[in-house]
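Residues per chain, in single letters:
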Amino acid sequence: MLNRCAPGHGRVLKEHRWWVTWNGRQFRNLPKGPGRNQDADVRFAYVEQIVDVLQIDPDCAARFFRQMR
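Residues numbered from 1 in each chain as written. Predicted model: local features only at pLDDT ≥ 70, side-chain atom pairs only at ≥ 80, totals over all residues. Heavy atoms only, no water.

*Asks:* How would you sum up the overall build of the protein chain? Please name residues and give values.
*Replies:* Check the secondary structure of the protein chain and you find three helices and three strands. Listing every helix and strand of the protein chain by position from the N terminus yields α-β-β-β-α-α. Per-residue burial for the protein chain yields a buried fraction of 28% across its 69 residues. Here the analysis covers contacts within the protein chain between residues at least 6 apart in sequence; of these, 29% occur between residues at least 24 apart. By element, 44% of the accessible surface of the protein chain is carried by carbon and sulfur atoms, the whole surface being about 5200 Å². (Helix = DSSP H or I, 4+ residues; strand = E, 2+ residues; numbered from the N terminus. Buried < 20%, exposed > 50% of the residue type's maximum accessible area, 1.4 Å probe, protein only. Contact = heavy atoms within 4.5 Å. Areas by Shrake-Rupley, 256 points an atom, 1.4 Å probe, with all protein chains shown as cover.)

Pasting the structure below:
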């Protein structure tokens, strides 16, 4: 989704999280993988937060996540 909806974004892997940057904005809370109490699926709450913080077009993100429709 990031490659299509936020072309040219940057990702930096920290100890437990990815920091994603795009258009001068930064999202620092994307887990790099499942924790002890989480499954491997991407949590939709993170997708909503990334779209909001980075100001990604919600229509573009909805093409990849049906929950956004």
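*Asks:* An account of the packing of aromatic side chains is needed here, citing residue identities and associated values.
*Replies:* Overall, the coordinates contain zero aromatic pairs when judged by the stated rule. A cation over a ring is seen here: Lys14 above Trp19, with NZ or CZ 4.6 Å from the ring centre. Sitting over the ring of Trp19, Arg28 keeps its end group 4.3 Å from the ring centre. (Phe/Tyr/Trp six-rings, centres within 6.5 Å; stacked < 30°, edge-to-face > 60°. Lys NZ or Arg CZ within 6 Å of the ring centre and 35° of its normal.)

*Asks:* Tell me about the nonpolar core, residues and numbers included.
*Replies:* By size, the foremost hydrophobic cluster in this structure holds 16 residues, and its most contacted members are Leu2, Phe27, Leu30, Ile50, Leu54 and Ile56. Residue assignment for this core shows that the elements contributing at least two residues are α1 (2–5), β2 (17–22), β3 (25–31), α2 (44–54) and α3 (58–62). The dominant element in this core, judged by the number of residues it contributes, is α2, at six residues. The contact partners of Ile50, leaving out residues within four places of it in the chain, are Leu2, Phe27, Leu30, Gln55 and Ile56. (Core = buried A, V, L, I, M, F, W, Y, C linked by side-chain atoms within 4.5 Å.)

*Asks:* Give me α2: which residues, what numbers.
*Replies:* Those residues of α2 lying buried are Phe44, Tyr46, Val47, Ile50, Val51 and Leu54. Along the long axis of α2, the arc covered by the buried residues comes to 155°, so they all point the same way. Lining the buried residues of α2 we find α1, β2, β3 and α3. One or two steps after α2, the chain reaches Gln55, where phi turns positive at roughly 55°. (Arc of directions from axis to C-beta.)

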